[in-house]
Amino acid sequence: MDLVSEAKDYVKELFLNNKNELLLFHNIGYINKAVNYANQICEMEKVGKDDRETILVSAWLFSTGFLFDYIDFKKQSIRIAHEFLKARKVNAEKSEAILMPIETVLHNKQHENICGEILYDASEFYVAIDEFLLWVKYHRQERNYFLKPKLTKRSFWQTVETYLNEHEFCTRSGKALF
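Bear in mind the structure is a predicted one, so any value in this text is a computation, not a measurement.

### A closer look at the nonpolar core
Core analysis: the biggest nonpolar cluster contains 50 residues, and Tyr30, Val57, Phe62, Ile102 and Phe125 have the highest contact counts within it. Secondary-structure elements contributing two or more residues to this core are α1 (3-17), α2 (28-45), α3 (49-61), α4 (73-87), α5 (92-106) and α6 (114-123). Per element, the largest residue contribution to this core is 7 residues, and it comes from α2. When neighbours within four sequence positions are excluded, isoleucine 102 is seen to be in contact with Ser58, Leu61, Phe62, Ile78, Ala81 and Leu119.

This is the structure in structure tokens:
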């Protein structure tokens, strides 16, 4: 079994064994869509086999931390990805290549390479799809389940408006697709 398929199976099992109906946004559906868009962007960007594997494994793993700690999801996502890679005896260089895009996306850092840029664009797919309003509604509800103070609809939409005004996709293909 290849590493991408193993990551897919691993993440699906994580979500199956750690069900959380309160994750209305950061759930397996979101991850599936992000992976599908990552794959699409890889094709459009004509990414090589190794980078594609890096991107798709990263896409499967980058949001898993929400299952275990909504506040510290970044640290948890990195931990889960690291454990997955270690259990499969992935060498240090490849592990670092997979972890780097996850870290840059989760910490909103400058992306060091095409892998981070594609993962970022794919993870932001909801900004440009027809179901945007539904996804944003789920995001607010999910956030209010886990974090205090609760955001009012008005303050949340102000945050969304600011985000949309400042948001940019990284890749040429992400801009064209979305």
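### A short note on unusual backbone geometry
For the peptide bond that leads from lysine 148 to proline 149, omega is -5°, which places it in the cis range. Mapped onto the elements, proline 149 comes out in the loop between α7 (132-146) and α8 (153-166). Positive phi outside glycine occurs at lysine 46, with the angle close to 55°. By the element assignment, lysine 46 lies in the loop between α2 and α3. Look at lysine 46 and you get exposed, because its relative accessible area is 72%.

### Structural notes on α4
Relative to the 21 Å expected for 15 residues at 1.5 Å per residue, α4 spans 21 Å between its end C-alpha atoms, a close match to the ideal helical length. For α4, the full list of buried residues reads Phe73, Gln76, Ser77, Ile78, Ile80, Ala81, Phe84 and Leu85. Where α4 is buried, its residues meet α1, α3 and α5. Looking at the residues trailing α4, positive phi occurs at lysine 89, about 55°.

Rules behind the numbers
- Residues numbered from 1 in each chain as written.
- Predicted model: local features only at pLDDT ≥ 70, side-chain atom pairs only at ≥ 80, totals over all residues.
- Heavy atoms only, no water.
- Core = buried A, V, L, I, M, F, W, Y, C linked by side-chain atoms within 4.5 Å.
- Buried < 20%, exposed > 50% of the residue type's maximum accessible area, 1.4 Å probe, protein only.
- Helix = DSSP H or I, 4+ residues; strand = E, 2+ residues; numbered from the N terminus.
- Contact = heavy atoms within 4.5 Å.
- Expected span 1.5 Å × (residues − 1).

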